[in-house]
Amino acid sequence: MIDRRSLLAGAAGAIPLAAAAAHAADAPRASGQPMLGNPNDLPEAKKVNWAVVGLGSFATGQVMPGFVMSHRSRMTAFVSGNPDKARDLGARYGVSKFYDYSNFDSIAHDKDIDAVYIVLPVGLHAEYTIRALKAGKHVLCEKPMASTPAECEAMIAAAKAANRQLGVAYRVHFEPSNVDVARRIKAGELGQLRYFTGDTGFNADPEHWVPHRWRLQKALAGGGSMFDIGIYAMNAAMMCMDDEPVEVSAVYSYPMNDPRFKEVEGGVNWRMKFRSGLYAQGSSSYCYAGGTRQKIYGDQAAIVMEPASDYYQQGVILMKSGQPPETLHAGNPIVQFGAQVDAFSQAALTNTPHRTPGEMGLRDIRLIQAMYQSADRDGVTVKV
Ligand code: NDP
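Predicted model, so just to flag it, every value in this text is computed and none were measured.

Engineer: Before we go on, may I ask you to explain the side chain of arginine 184 in this structure?
Structural biologist: By the secondary structure assignment, arginine 184 is in helix 6 (residues 176-186). Discounting chain neighbours no more than four positions away, the residues touching arginine 184 are Glu189, Leu190, Ile303, Leu318 and Leu328.

Engineer: Teacher, can you tell me more about the pattern of salt bridges here?
Structural biologist: Side chains bearing opposite charge may pair, as long as their charged atoms lie close to each other. The full count for this structure, using the stated rule, is 21 salt bridges. In this structure, the salt-bridge partner of aspartate 180 is arginine 184, at a minimum N-O distance of 2.9 Å. In this pair, aspartate 180 and arginine 184 are both assigned in helix 6, four residues apart and thus about one turn of the helix distant. For arginine 184, a relative accessible area of 15% puts it in the buried group. For the salt bridge of aspartate 258 with arginine 260, the shortest nitrogen-to-oxygen distance reads 2.7 Å. A relative accessible area of 14% places aspartate 258 in the buried class. Sharing partners across several salt bridges, the network here consists of Asp180, Arg183, Arg184 and Glu189.

Engineer: Hey, could you run me through the packing of aromatic side chains in this one?
Structural biologist: Two measures describe an aromatic ring pair: the distance that separates the ring centres and the angle between the ring planes. Within this structure, the stated rule accounts for 16 aromatic pairs. Aromatic side chains phenylalanine 58 and tyrosine 311 sit 5.7 Å apart centroid to centroid with 45° between the ring planes, which places their arrangement in the tilted category. Taken as a pair, phenylalanine 58 in helix 2 (residues 57-69) and tyrosine 311 in the loop between strand 12 (301-305) and strand 13 (316-320) lie far apart in primary sequence, 253 residues in all. Geometrically, the ring pair formed by phenylalanine 58 and phenylalanine 337 is edge-to-face, given 6.0 Å between the ring centres and 65° between the ring planes. Here the residue phenylalanine 58 occupies a position in helix 2, and phenylalanine 337 occupies one in helix 10 (residues 335-350), the gap between them amounting to 279 residues. Among the residues examined, phenylalanine 337 registers a relative accessible area of 4% and is labelled buried. Feature note: the residues Phe202, Phe227, Tyr252, Tyr254, Phe261, Tyr286 and Tyr372 constitute an aromatic cluster, connected by ring pairs.

Rules used throughout
The residue count restarts for each chain, going from 1 along the sequence in the order it is written. At least 70 in pLDDT is required for a residue's local features to be given in this predicted model, at least 80 for side-chain atom pairs to be given and counted, and no such filter applies to totals for whole chains, interfaces and linings, which use all residues. Note that the side-chain values use all heavy atoms of the structure and ignore hydrogens as well as water. Helix and strand definitions here come from DSSP, where helices need a minimum of 4 consecutive H or I residues and strands a minimum of 2 consecutive E residues; each element is numbered from the N-terminal end. We call two residues in contact whenever any of their non-hydrogen atoms come within 4.5 Å of each other. One speaks of a salt bridge when a side-chain nitrogen belonging to Lys or Arg is within 4 Å of a carboxyl oxygen belonging to Asp or Glu. Each residue's exposure class comes from its accessible area (1.4 Å probe, protein chains only) as a fraction of the maximum for that residue type: buried when under 20%, exposed when over 50%, partly exposed otherwise. Classification of ring pairs rests on two measures: the distance between centres of Phe, Tyr or Trp rings, Trp counted by its six-membered ring, which must be within 6.5 Å, and the angle between planes, read as stacked under 30 degrees, edge-to-face over 60 and tilted in between.

Rendered as structure tokens:
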């Protein structure tokens with residue numbers, strides 16, 4: 001029996017149900033969409049094709065994800081002494097061409113490679129850069145450029161002979177905070193520049209972290225902490241001061257009985273005098289923890305960067321006289337890896353010099369060698 005009350009309740013309940021049904025027909029529904037990608041992306045055919053040489057921790061951890069975030073660069077080949085690793089990474093990144101160190105020169109015949117990224121230990125940079133240039137490819141080589149100024153000069157000569165671009169991968173020149181700090185300095189936000197200081201270090205642990213082993217062998221590393229990490233602050237000093245040094249001095253600064261440092265130095269305290277008469281100074285160390293710190297002083301304000309050259313985060317504080325410190329956010333540092341390869345792709349496409357060319361790499365190796373000459377003689381001033 002249906003009584004009047006339940007009939008009314010049913011009728012009353014029927015209205016919202018009907019409304020809900022009508023609404024459901026118009027409601028947004030989740031559904032798959034075609035692949036759209038990034039609006040800044042070029043069609044595949046217009047991208048520069050890259051081979052990555054040496055699939056170690058930096059190549060796999062930062063370089064390869066950087067290519068994924070790039071817009072005009074794509075990886076087409078891997079060069080490795082470990083074929084299983086290369087194929088695993090190839091499956092992950094859609095790379096299907098593989099070379100090893102013995103058949104590397106045959107990339108000359110590979111039309112799917114325009115540029116080569118050298119991510120090998122430093123002692124191998126010159127050989128593989130020159131082989132790639134002779135194969136007719138543009139080359140971006142990791143920092144530090146090579147073990148000696150003579151190697152750097154041979155790399156530059158090979159690039160000229162091949163009419164190809166040679167860049168050194170100084171990634172902070174493409175990192176938003178570093179670029180922003182350089183821009184602010186140039187715009188006069190600090191007033192007249194007075195002084196730069198920068199420290200870069202980590203505690204090398206060859207027992208537990210394999211890449212630290214070649215870093216302690218001179219033949220593969222070229223030098224010690226100054227080659228590997230001191231070069232960041234030294235290079236940044238010249239970027240920030242927008243000037244070139246005329247003399248340097250340095251002293252070694254690490255426990256001399258530390259068994260890790262039989263072949264390369266464990267730490268350097270350095271100083272550079274610029275043409276302007278101003279100074280920059282800093283330290284590099286394989287013995288202290290704490291990362292990277294830079295401070296740039298002007299006569300109106302200063303900027304503190306800590307971390308200064310991290311992969312994933314920078315801390316930047318602007319300190320103006322008489323005002324509270326201001327934290328600056330210029331962008332996510334992660335974009336530096338894609339931006340760097342895209343900038344080099346542009347250099348390769350137009351055959352024009354990269355922002356950080358081989359000549360900059362040579363300048364820095366010469367300066368570090370001059371610092372070693374000074375440190376070998378307990379800190380005497382060396383003209384450069
Ligand atoms: P790893 O030791 O992690 O990787 C080096 C790779 O080079 C190896 O995995 C191997 O690749 C290949 N290789 C070929 N011959 C040798 C050899 N005799 N000994 C060791 N490796 C060899 O080093 P990193 O990735 O840390 O450094 C590589 C380069 O990247 C260096 O030039 C370094 O200065 C630079 N770098 C730059 C950084 C930056 O921030 N710009 C940060 C870290 C490093 P495979 O097995 O595929 O043959």
